[in-house]
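Coordinate analysis (summary)
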Amino acid sequence: MVWFKRNKEGITTSTKEKKETPEGLWHKCPNCKTVFTENEFINNLYVCDRCSHHERIGSKEYFEILFDEGKFKELDADLVSGDPLNFSDTKKYTDRLKSTIKNTGLKDAVRTAHGKIDGQDLVIACMDFNFIGGSLGSVVGEKIARAIDHAIKKKAAFMIISKSGGARMMEAGYSLMQMAKVSGKLGQLAEHQLPYISFLTDPTTGGVTASYAMLGDINIAEPKALIGFAGPRVVKETIGRELPEGFQTSEFLLEHGFLDYIVERHHLKKELSHSIRLFRS
Amino acid sequence: MATYLEFEAPIQELEEQILKAKEIALTTEVSMEDTIKELEDKLVQKTTDIFSNLTPWQRVQLSRHPDRPYTLAYIDALTGGTFQELHGDRNVKDDKAMIGGFGLLDGQSVMFIGQQKGINTKMRQYRNFGMANPEGYRKALRLMKLAEKFNKPIVTLIDTPGAFPGLEAEERGQGEAIARNIYEMMRLKVPVICIVIGEGASGGALGIGVGDKVVMLENTWYSVISPESCSSILWRSWEYKETAASALKLTSKDMKKNKLVDDVIPEPVGGAHRNPQENFENVKKYIIKALAELKKTDPKKRIDDRIEKFCEMGVWK
Ligand SMILES: [Zn+2]
């Protein structure tokens, strides 16, 4: 539920810049300020070569990185949100949806796909933060639920890549119940002894953390990702003092026992594929 | 002394007039019978009028009414004093914001679990305002598993402004604790009834809110966020809480209409706190009837139905 703050901080700029910037331009690392050519940066999987800062990426990039030869079959690609509550804040929800679809080229905050990873079947549901802060609405819940059904049918391993500010407030109660829906579906996946890998990336907060992101047979994360239930601002207000260094980072969660391992993007495919092999051999 | 909300002012006025009239009747020879009768009729009429036209924000206020009964009061009334509280998550500590234990309802042992708010300033702090930490959710799960082991039904009573957003809560995995409960509750082999008796705020409520019957008392709210927080995030100001309360469709009537809860339990005119006994009776009747119905289904089918119900929630094109 902290998505709009994040948007304001300009974290969504990377994909947009890429689209609007002609080849051969420069990328400046927001962390260490080192400058790379856009091509160098892309070839390095959007990771800074100097300080290892992992830039936020979306479903398009993750599918390319993970699936063999970048090939996959997308599932339920056309599902879009309704407006069940006729919701309007400073903007009508339907207008917000329309402009987000236009600006991002996405249909909602998750894309689901079936492909192979080192020859093994894998269904991935990958969230896109650019779409209303990766917020969890009916479409996200429904697409993940259907992807789980698909994994069961195809006896494939299943993975969710979480990247979300939490609930989609414009769907209120419907949004909340998606947490229950996906959790129920994960139970059915478990009955078929198919592995579920939860991959947490920056940021994973709110209702996503309080449901499927924390329910993996293994939970893994990218380095230095923000992961938490309450957003850092809320926690800070609650305790009335500064938060300790590194609070709610991947490393913090690993130390407190909530992650199985942290993996750099360069090793993601290799490690993930190995995990799946260990579950299934 | 009763507490009155702003929109209850006309009720307060009439009740004070009635009291005064009764005092006069007691201390003087003047017959006040007709006056009292007239005022009492007026009071019933006025209360009915006000309460049949409540705005969503007024319902939210009612759900937080300081005189409203909290979880333990329900359990005491439902079990006739047979409730035995059980403590601790067997891991970190005993969370005072989440209570639970077995009690006899209509002669049958039932596991009761719920968030507990405090009845005065000191107790509110002791109960952490009904905001549970991870150990509260883990205690709840331990007790649910205990009920499952002995094949006893579970009733949860939901009344929370949210799961506690503290530093230690994050360290101990608030997200994981709630997620685990949601996941496990989906698969419990015994009947589960969840009743929102006050505030049903987001994941903190859902953490004990997955059941075969999820129901709301008439004057409660249940949503993904409180109207105040929604106002501050979407309108970037605290001033839009009334607008947010309407927009979120968080009342029992709207939640039922949108098929996000199964039933609404009516409250006595004026709210649960105006006639707690009648209110507890309504709740008791509902639970007994629902349990009898749920017991007819076999556990496997009950779990499938439960998952299916939540899977049908949502709107897409
Ligand atoms: Zn750098």
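This is a predicted model, so every value here is computed, not measured.

1. Considering the overall build of chain A
Counting secondary structure elements, chain A contains ten helices and nine strands. A globule of 281 residues ought to have a C-alpha radius of gyration of about 19 Å, and chain A, at 18 Å, matches this closely. In terms of overall dimensions, chain A has C-alpha extents of about 45 × 45 × 40 Å along its principal axes. Per-residue burial for chain A yields a buried fraction of 49% across its 281 residues. Of the contacts formed within chain A by residues at least 6 apart in sequence, a portion of 70% connects residues at least 24 apart.

2. As for the overall build of chain B
On a plain count of helices and strands, chain B comes out with 14 helices and eight strands. In terms of C-alpha radius of gyration, chain B reaches 21 Å, essentially the compact-globule figure of 20 Å for 317 residues. Taken over the C-alpha atoms alone, chain B extends approximately 70 × 50 × 45 Å along its principal axes. Scored against the burial criterion, the 317 residues of chain B give a buried share of 49%.

3. Some thoughts on helix α7 (residues 172-191) of chain A
Two residues of an α-helix separated by three or four positions point the same way, owing to the 3.6 residues in each turn. Residues and elements named next belong to chain A. Relative to the 28 Å expected for 20 residues at 1.5 Å per residue, α7 spans 30 Å between its end C-alpha atoms, a close match to the ideal helical length. Of all 20 residues in α7, 16 are buried; the element is thus mostly enclosed. Remark: Q193 follows α7 within two positions and exhibits a positive phi of approximately 55°.

4. Topic: the pairing of strand β3 (residues 108-115) of chain B
All names here are of chain B. For β3, the buried fraction is high: six of the eight residues fall into the buried class. Pairing analysis gives eight bridges linking strand β2 (residues 98-105) to β3, with the strands arranged antiparallel. The partner of G103 across the bridge, within β3, is V110. In this structure, the hairpin formed by β2 and β3 is closed by a connection of two residues, where D106 is found at a positive phi of approximately 55°. The pairing of β3 with strand β4 (residues 154-160) spans four bridges and is classified as parallel. The residue of β4 that forms the bridge with G114 is L157.

5. Section: the domain arrangement of chain B
Many descriptions give the size of an interface as the accessible area lost when the pieces come together. Each assigned domain of chain B is listed here: domain 1 (6-53) and domain 2 (60-311). One C-alpha centre belongs to domain 1 of chain B, the other to domain 2 of chain B, and the line joining them spans 36 Å.

6. Here we look at the packing of helix α6 (residues 134-149) of chain B against helix α8 (residues 174-186) of chain B
All names here are of chain B. Remark: α6 packs on α8, axes separated minimally by 8 Å, with the N-to-C direction vectors making an angle of 20°. Considering the angle they form, α6 stands roughly parallel to α8. For the crossing formed where α6 meets α8, the hand is left-handed. Contacts between α6 and α8 involve P134, Y137, R138, A140, L141 and M144 on the former and, on the latter, Q174, A177, I178, R180, N181, E184 and M185.

7. Some thoughts on the sheet that holds strand β6 (residues 157-164) of chain A
Residues and elements named next belong to chain A. The seven strands are arranged β3-β4-β5-β6-β7-β8-β9 in an open sheet whose pairing can be described as mixed. In this open sheet, the two edge strands, each paired with only one partner strand, are β3 (72-75) and β9 (261-262). Sheet topology places strand β5 (residues 120-127) next to β6; five bridges connect them, and they run parallel. What sits directly across from V123, in β6, is F158. Sitting on the sheet, helix α10 (residues 265-280) is in contact with β4 (110-117), β5, β6, β7 (196-204) and β8 (218-221), with an inclination near 125° to β5.

8. Notes on the interface of chain A and chain B
With 50 residues of chain A at the interface, the matching set in chain B holds 43 residues. Put simply, the parts of the chain that give the side of chain A that touches chain B at least two residues each are α6 (138-154), α7 and α8 (232-239) of chain A. Per element, the largest residue contribution to the side of chain A that touches chain B is 15 residues, and it comes from α7 of chain A. Tallied by class, residues from the side of chain A that touches chain B come to 27 nonpolar, 20 polar and three charged.

Reading the values: the criteria
Residues numbered from 1 in each chain as written. Chains lettered and ligands numbered in written order. Predicted model: local features only at pLDDT ≥ 70, side-chain atom pairs only at ≥ 80, totals over all residues. Helix = DSSP H or I, 4+ residues; strand = E, 2+ residues; numbered from the N terminus. Rg over C-alpha atoms; globule rule 2.2 N^0.38 Å. Buried ≥ 20, exposed ≤ 12 C-beta atoms within 10 Å, placed from the backbone. Contact = placed C-beta atoms within 7 Å. Expected span 1.5 Å × (residues − 1). Pairing = 2+ DSSP bridges. Domains from an automatic or database assignment. Axes fitted to C-alpha atoms, helices over the stretch in contact; angles between N-to-C directions. Parallel < 35°, antiparallel > 145°, perpendicular 65-115°, else oblique. Left-handed = near helix turned anticlockwise from the far one by under 90°. Nonpolar A, V, L, I, M, F, W, Y, C, P; charged D, E, K, R; others polar.

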